[in-house]
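These are the residues of each chain, in order.
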Amino acid sequence: MSPVEVKKAVCTVCDIACQLEVHVQDGEVLKVAPPSNPVVADNFCFKGITAPKLYALPERLKTPLRRVGERGSGEWEEVTWDEAMSDIAARLKRVVDEHGPEAFAVSTSNWNTSVEMGMGRRFMNLLGSPNWISGVAMCMGNTAAVNKLTLGWFPWPDLLNTELVVLGGHNPRKHSWTPIYNLVRQAQAKGGKLIVLDPRVSGQAEKADIHLQLRAGTDAAMYLGWLRVIVDEQLYDEDFVRDWTVGFDALRERLAEYPLERVAEITGVEIAKIQTAARMYAGARSACMPWSPTTDQQVSSTSAIRCQSILKAICGHLDVPGGELMYGFNAEYLTESKLELHEALSPEQRGKQLGYDEYPAFTHRTGELLAPHTERVYGHAYANLVMGSYMANPSSLFKAMADGDPYPVKAFFTLGNNTLMSYANQPRIREGLMNQDLIVAHELFMTPTAELADYVLPGDTWLERPNIHDSFGWRSWLISSEQAVQPPENCRSVFAFWVDLAERMGLGEQMPWKTLEAMLDHRMQPMGMSYQEFIDTYDMRIAKHQYRSYRRTGFGTPSGKIELSSSVLEEIGFDPLPYYREPHRDPAFPYNVFIGVREDPYFQTGQRQLPSARKMSPLPKIFVHPDDATDEGLVAGDWVNVSSGHGSVSGVVELRPDMLRGHLRVPHGWWFPELIGKLDGAGADQHNDGMLIDDTADHLDREQGVPQFKGFAGALHRLDGPPPHIADVLHQKDATPVLFT
Ligand SMILES: Nc1nc2c(c(=O)[nH]1)N[C@H]1C(S)=C(S)[C@@H](COP(=O)(O)OP(=O)(O)OC[C@H]3O[C@@H](n4cnc5c(=O)[nH]c(N)nc54)[C@H](O)[C@@H]3O)O[C@H]1N2
Ligand SMILES: Nc1nc2c(c(=O)[nH]1)N[C@H]1C(S)=C(S)[C@@H](COP(=O)(O)OP(=O)(O)OC[C@H]3O[C@@H](n4cnc5c(=O)[nH]c(N)nc54)[C@H](O)[C@@H]3O)O[C@H]1N2
Ligand code: SF4
Ligand SMILES: [Mo]
């Protein structure tokens, strides 16, 4: 036996990217462990610890599969990569020849395949397709794009040095966004304060100095209330507002529409509490308001995000120690934004991007308006922060796939993404998938999405590939990631997939890198180092940051200032000021429902194959306040249907006094791998939240067209027992469930 080697590798199971220590012996991973860095080591998440076990399961895909039966029939034959790739290239060419390059669409993961190094977007831009989507359309990427409208960039919270943290429906836990959980605890240990906005007494709310227990979906109204207090009481930074903002008077006028009585009525939070929180935020010497998916996923999402940006700016928290850092690109590392070659896509093809007209906020339409200003300040016209810019609108894409409206989309690639379950209006996604000429899934496991593909290609994992993590261009930190072991059998990276396909489609010259190492060497050129030299030298390298560099460069907006009233939104015909829009209500659906409260053992729709995870959380749980349960005649453990007027899902009642009355929590991502081949969708059609979510205009944010996961109307009905397929579900009987808060 050879000695145990310890490699450092960045976990990309979730988007926070912890660098972990991987213990390897004779080509096998023995375990992963936290490094000495307290940001990671103080707690260490279950998903990271169990990753090697997940990847070693026999269900892992290891050979390319070609569909032989009807789409979705589960009949496959094993093929070589060469057979698969030459047929995929030929069939993609046919679709492009017949319908144009815009008939080809891609959905990728936000995180796990990020080591594709921008090659997917590069391939699409060279081919001429603008129709790329991802979960980042409703998770952080869209926040980044919307931040650019106001601030010209997406700031990173300096939690290490802050005096006040505001968590707006963000609930980092020991097993969820663990480093952020650790940093918030460290900030509190140093005397920092915490404000939490959450309809539930979440784990973070329990530890907060102020908990604003607002109704789900009303965040924009809450922040408008804060702005009203801060403007009325002149708590803002007057010099900054005078010198560095435009639109203050217009904002003040808009705030006149939001007296605190109205805000209190909308949010359900008393006026005095709103005032205390707003004063604390404006008065803090430094304050951070980290990103939260909650504001990404509401009908007033754009306004809520813009309010957060405005608060950060006018209260003087922008680009100061302990505040919101405007890092800019890391000049030492070639960014994905550059590799993606957005400038190669013709204006005509950009204009065809689905969503360009109706929901433009993160499409090429706003990208074009911002490009010269981003270039002026950040040196590159197409700053694709957190991958969330220049995207198609997902709902518009699925409509085109299903109905051919406004034009047909006939080839769809899904890479490290469980597309069927990971957007709104799941039935339409299924229709869209069933209407394709070619579907390629790049996956670790057979999933409800992969089941519908023509080709299922076996992927590698973060333990099996080299990487340097740059936080998706968001922070200027470079984190080393060594390849710990070889990928099993025929597993290959998404990077290799795109480079191979480019070669076969006549684009090889523009994508000449044959290996990830060659690509990483290319990206390290500005530092004058090879990939190997970098990982031998650094665990992490953080570029020196100059605070308030806007004083030299201005901001990356059309005015060069913070746009309290957005000239870009105005130019494309939208309200340039933030507002609150009441979610669609219907008396037949009296509850206020939200998705979220991520589950400790799972990442999103993943990990359902892992027995230890399934024992911790064996069935989908609907959280109900005990008094609401009494009114409904429900007890813990009852099976219920939650319906929304669009669809319904079932789950088990868990009585949760931490819920705000009148609210229901529906979990995301439920399906059962053991039902693949036995039940269409393997339980996803019975339990996944996407069944509930409408994506017609009333239910989408106006500017971005993001769906309403927080604060939609629902009803609750008792079922006589579990649906029949639950009898075939594993691990429910030997489970030892955990309580996640
Ligand atoms: N273990 C584990 N960790 C994960 C994940 C996972 O699947 N499993 N997923 C990762 C991903 S992709 C993400 S995006 C993050 C998400 O993680 P978080 O940012 O923590 O988001 P959620 O868990 O969706 O919900 C957070 C809180 O929002 C509250 N909430 C619900 N509706 C509203 C509302 O309308 N307004 C406000 N203010 N609060 C509301 C909920 O009660 C909940 O406490 O977690 C990451 N971490
Ligand atoms: N309906 C609904 N939709 C949502 C959300 C929701 O709450 N409800 N949440 C949104 C949010 S916050 C997010 S972040 C997104 C997440 O959406 P996704 O990115 O789709 O995340 P997952 O559900 O984890 O699916 C990832 C898939 O990739 C596979 N995979 C994991 N690692 C690798 C890898 O290294 N290579 C390859 N090839 N495959 C890999 C896994 O097996 C899994 O099937 O979903 C968004 N969409
Ligand atoms: S929080 Fe857990 S899943 Fe996310 S990167 Fe860190 S170890 Fe991986
Ligand atoms: Mo997410």
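Residues numbered from 1 in each chain as written. Chains lettered and ligands numbered in written order. Predicted model: local features only at pLDDT ≥ 70, side-chain atom pairs only at ≥ 80, totals over all residues. Heavy atoms only, no water.

1. Examining the layout of surface pockets
Here is the rule: The rule is simple: put a 1 Å grid over the protein atoms alone, call a set of points where a 1.4 Å probe fits but cannot get out a cavity, call an open set with protein on both sides within 12 Å along at least five of seven lines a pocket, and count a residue as lining if it has an atom within 4 Å of a point. Grid points are joined across faces, edges and corners, and a volume is the space filled by probe spheres set on the points. In DSSP terms, a helix is any run of H or I states spanning at least four residues, a strand is any run of E spanning at least two, and both are numbered starting from the N terminus. The classification used treats Ala, Val, Leu, Ile, Met, Phe, Trp, Tyr, Cys and Pro as nonpolar, Asp, Glu, Lys and Arg as charged, and all other residues, Gly among them, as polar. These domain limits were set by an automatic method or by a database of domain assignments.
Here the largest pocket defines a volume of roughly 660 Å³. Contributing to the lining of the largest pocket are 34 residues, with Asn37, Val39, Trp477, Met540 and Ile542 lying nearest its centre. Counting only elements with at least two residues in the lining of the largest pocket, the list comes to strand S1 (5-10), strand S2 (19-25), helix H1 (38-41), strand S8 (156-157), helix H6 (178-189), strand S18 (477-481) and strand S19 (540-542). Taken together, the residues that form the lining of the largest pocket break down as 22 nonpolar, five polar and seven charged. Of the residues that make up the lining of the largest pocket, three or more belong to each of domain 1 (65-143 + 328-542) and domain 2 (157-325). Size it by volume and the second largest pocket reaches roughly 550 Å³. Lining the second largest pocket are 28 residues, with Tyr327, Gly328, Phe329, Val377 and Tyr378 sitting closest to its centre. Elements with a contribution of two residues or more to the lining of the second largest pocket: helix H16 (364-378) and helix H22 (550-553).

2. Side note on the site of ligand 2
Short version of the rule: By convention in these notes, a residue is near a molecule or strand provided one of its non-hydrogen atoms lies within 4 Å of it. Polar contacts, as counted here, are pairs of nitrogen or oxygen atoms within 3.5 Å of one another; within protein the pair requires one atom able to donate a hydrogen and one able to accept it, and residues that are adjacent in sequence qualify only if both atoms are side-chain atoms. Every accessible area reported is derived by Shrake-Rupley at a probe size of 1.4 Å, with residue values counting cover from the shown protein chains alone.
What surrounds ligand 2 is a group of 29 residues, the closest being Asn417, Ser422, Glu443, Thr605 and Asp689. Measuring from an oxygen atom of ligand 2, one finds a backbone N or O atom of Phe603 at 3.5 Å. Compared with its free state, where it exposes 920 Å², ligand 2 has 94% of that area covered by protein. Along the lines of polarity and charge, the residues of the shell around ligand 2 split into nine nonpolar, 15 polar and five charged. Looking at the shell around ligand 2, you find at least three residues from each of domain 1 (65-143 + 328-542) and domain 3 (591-739).

3. Brief notes about the domain arrangement of the protein
Here is the rule we go by: The contact criterion used is simple: two residues touch if any of their non-hydrogen atoms lie within 4.5 Å. Accessible-area loss on putting two parts together, using a 1.4 Å probe and summing over both, is the definition of buried area adopted here. Any Lys or Arg side-chain nitrogen located within 4 Å of an Asp or Glu carboxyl oxygen qualifies as a salt bridge.
Under the domain assignment used here, the protein contains domain 1 (65-143 + 328-542), domain 2 (157-325) and domain 3 (591-739). With 19 residues of domain 2 in contact, the opposing surface of domain 3 contributes 25 residues. The contact between domain 2 and domain 3 buries some 1,800 Å² in all, and 51% of this surface belongs to carbon and sulfur atoms. Looking only at domain 2, the three residues that lose the most surface to domain 3 are Arg200, Gln297 and Val299, adding up to 36% of its buried area. Taken together, domain 2 and domain 3 are joined by two salt bridges. In this structure, the salt-bridge partner of Asp600 is Arg173, at a minimum N-O distance of 2.6 Å. Each residue belonging to the side of domain 2 that touches domain 3 can be placed in one class, and the counts come to six nonpolar, nine polar and four charged.

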